[in-house]
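# Coordinates in review
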Amino acid sequence: MARESTTFLAQLEQRWQQGHFVCVGLDPEYERLPAVVKEGRSLEEALTYFACELIDATADLVCAYKPNIAFYEAYGDAGLRALEKIIAYSKKSWPEIPVILDAKRADIGNTNLGYVKSSFDLLQADAITVHPYLGKEAMAPFLSRQDKGVIVLAKTSNPGSGEFQDLLIGEHKEPLYLVVARNVARYWNDNGNCALVVGATYPSELKRAREVVGDLPLLIPGIGAQGGDVAATVKAGQDSRGWGMIINSSRGIIYASHSADFAQAARNATVALDAEINRHRG
Ligand SMILES: O=C(O)c1cc(=O)[nH]c(=O)n1[C@@H]1O[C@H](COP(=O)(O)O)[C@@H](O)[C@H]1O
């Protein structure tokens with residue numbers, strides 16, 4: 001079993017080796033929680049209970065958990081306390097599974113020191129999502145944390161992601177997302193702790209990104225509620241070892257049922273996604 005002192009990449013590779021590529025997105029909205037979760041619990045307790053039940057129901061099947069901080073910030077102090085408890089619970093109960101804080105941070109260097117402290121040292125996340133807009137120089141506080149993962153947005157899953165990300169730039173007139181992917185793989189990854197985000201809703205772009213980044217890990221959201229195709233995603237996204245993918249589904253798993261069987265239903269949805277991914281690998 002991996003210990004907490006291991007790196008994000010080592011944890012991931014261990015899970016991939018065991019055939020696990022699903023990342024469960026822990027993105028709870030209080031209004032959508034099953035009644036059985038809310039009954040007799042404060043908002044903080046309900047968010048925490050919901051996520052911890054989902055974690056326990058899926059832990060043997062996943063390569064990572066990914067809480068998106070927006071869903072917790074939306075509830076102020078209570079939400080942030082829940083997030084802290086959920087990450088602590090996951091790491092204590094299942095220390096071999098990395099937790100990715102989806103926060104899409106990045107600012108000038110000394111401001112990034114604050115983000116590094118809050119995400120890695122206070123919240124204890126194993127990895128964080130960031131945007132690349134400020135360039136490598138500003139990202140030093142993140143990149144210097146060898147044990148933590150720095151997951152950089154390249155081609156996002158949303159319908160309008162092409163506005164900037166598909167702009168053709170440079171002497172080879174390449175789309176911006178591909179320049180980001182190449183720079184991160186070649187120049188940002190001195191400590192072997194970088195990964196990229198490429199949406200499952202863009203399999204052609206996923207294929208092109210994979211071609212330029214070698215075996216760099218890819219966080220691939222857009223499966224489930226956003227309609228990404230699993231077969232096309234795996235075909236385009238797997239690396240030379242048939243690994244390299246952190247395939248996220250949030251709503252498709254966490255709201256598989258709105259009844260008392262929500263955790264079992266989430267498990268069933270994870271089993272189905274895990275099987276589908278593995279069917280298309282290789
Ligand atoms: O960084 C991300 O995880 C992310 C990038 C992206 O391009 N698209 C995307 O949907 N995400 C996140 O992945 C999750 C997707 O949730 P579902 O659409 O419910 O599966 C949310 O937390 C999004 O913020």
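Residues numbered from 1 in each chain as written. Predicted model: local features only at pLDDT ≥ 70, side-chain atom pairs only at ≥ 80, totals over all residues. Heavy atoms only, no water.

### Considerations on the overall build of the chain
When helices and strands are counted, the chain shows 13 helices and 10 strands. Expected size for 282 residues packed as a compact globule is a radius of gyration near 19 Å; at 18 Å, the chain falls within 12% of this value. Judged by the C-alpha coordinates and their principal axes, the chain covers about 60 × 45 × 40 Å. Counting only residues that meet the buried cut, the chain has 53% of its 282 residues in that class. (Helix = DSSP H or I, 4+ residues; strand = E, 2+ residues; numbered from the N terminus. Rg over C-alpha atoms; globule rule 2.2 N^0.38 Å. Buried < 20%, exposed > 50% of the residue type's maximum accessible area, 1.4 Å probe, protein only.)

### Comments concerning the sheet that holds strand β3 (residues 100–105)
If you walk across this open sheet you meet the eight strands as β2-β1-β10-β9-β8-β5-β4-β3, and the pairing is parallel. Two strands lie at the open edges of the sheet, namely β2 (62–67) and β3, each paired on one side alone. Across the sheet, the axes of successive neighbouring strands diverge by a mean angle of 30°, strand direction being ignored. Where β3 lies against strand β4 (residues 127–130), three bridges are found, and the strand directions are parallel. Within β4, the residue paired with Leu-101 across the bridge is Ile-128. Together, β1 (22–26), β2 and β3 form the strand contacts of helix α5 (residues 76–93), whose direction differs from that of β2 by roughly 165°. (Pairing = 2+ DSSP bridges. Axes fitted to C-alpha atoms, helices over the stretch in contact; angles between N-to-C directions. Contact = heavy atoms within 4.5 Å.)

### Here's the deal with the site of the ligand
By nearness alone, 18 residues border the ligand, and Asp-27, Ser-157, Gln-226, Ser-250 and Arg-251 come closest of all. Interatomic distance of 2.9 Å between a side-chain N/O atom of Lys-66 and an oxygen atom of the ligand. The separation between an oxygen atom of the ligand and a polar side-chain atom of Asn-68 is 3.0 Å. For the ligand, the accessible surface in isolation is 510 Å², of which the surrounding protein chains cover 89%. (Near = heavy atom within 4 Å. Polar contact = N/O pair within 3.5 Å; in protein donor to acceptor, adjacent residues only side chain to side chain. Areas by Shrake-Rupley, 256 points an atom, 1.4 Å probe, with all protein chains shown as cover.)

### Re the UniProt feature "domain: Orotidine 5'-phosphate decarboxylase" (unreviewed entry) in the chain
In the numbering used here, UniProt assigns the "domain: Orotidine 5'-phosphate decarboxylase" (unreviewed entry) feature to residues 21–266. Overall, residues 21–266 shows 43% helix and 18% strand. The separation of its end C-alpha atoms is 16 Å. (UniProt positions renumbered as here; feature names shortened; annotations may be inferred.)

### Section: the environment of Ile-246
Along the polypeptide, Ile-246 turns up in strand β10 (residues 245–249). Residue classification places Ile-246 among the buried positions, given a relative accessible area of 0%. Residues Ile-246 and Val-24, spaced 222 residues apart in sequence, show a C-alpha to C-alpha distance of 9.5 Å. Non-local contacts of Ile-246, meaning those with residues more than four positions away in its chain, are made with Phe-8, Leu-12, Trp-16, Phe-21, Cys-23, Cys-63, Ala-64, Ile-100, Leu-218, Leu-219 and Ile-220.

### Quick notes on the confidence of the model for the chain
Across the chain, the average pLDDT comes to 97, with 98% of residues at or above 70. Scoring of the predicted complex yields 0.98 for pTM and 0.99 for ipTM. (pLDDT = per-residue confidence, 0-100.)

### Observations concerning the packing of helix α11 (residues 230–237) against helix α13 (residues 262–280)
α13 packs onto α11 with a crossing angle of 50° between their chain directions and a minimal axis gap of 9 Å. The angle between α11 and α13 falls in the class oblique. In the packing of α11 onto α13, the handedness of the crossing is right-handed. On α13, the residues that touch Val-230, Ala-231 and Val-234 of α11 are Leu-273, Glu-276, Ile-277 and His-280. Grouping the constituent residues of the contact of α11 with α13 by class yields five nonpolar, one polar and one charged. (Parallel < 35°, antiparallel > 145°, perpendicular 65-115°, else oblique. Left-handed = near helix turned anticlockwise from the far one by under 90°. Nonpolar A, V, L, I, M, F, W, Y, C, P; charged D, E, K, R; others polar.)

### Concerning the pairing of β3
Burial analysis of β3 places five of its six residues in the buried class, which makes it a mostly covered element. The β-α-β motif built from β3, the intervening helix α6 (residues 109–122) and the parallel element β4 has right-handed crossover chirality. (Right-handed = clockwise from strand over helix to strand, strands pointing away.)

### Quick look at the layout of surface pockets
Estimated volume of the largest pocket: approximately 370 Å³. What lines the largest pocket is a set of 24 residues, among which Asp-27, Lys-66, Pro-221, Gln-226 and Asn-248 lie closest to the centre. Along the lines of polarity and charge, the residues of the lining of the largest pocket split into seven nonpolar, 11 polar and six charged. Its boundaries defined by the atoms lining it, the second largest pocket holds a volume of some 220 Å³. Lining the second largest pocket are His-131, Pro-132, Tyr-133, Leu-153, Ala-154, Thr-156, Phe-164, Gln-165, Leu-176, Tyr-177 and Val-180. Secondary-structure elements contributing two or more residues to the lining of the second largest pocket are β5 (149–155), α8 (162–165) and α9 (176–188). In terms of residue count, the dominant contributor to the lining of the second largest pocket is α9 (three residues). Here the residues of the lining of the second largest pocket sort into eight nonpolar, three polar and no charged. (1 Å grid on protein atoms, 1.4 Å probe; cavity = no way out; pocket = protein on both sides within 12 Å on 5 of 7 lines; lining within 4 Å. Points joined across faces, edges and corners; volume = space filled by probe spheres on them.)

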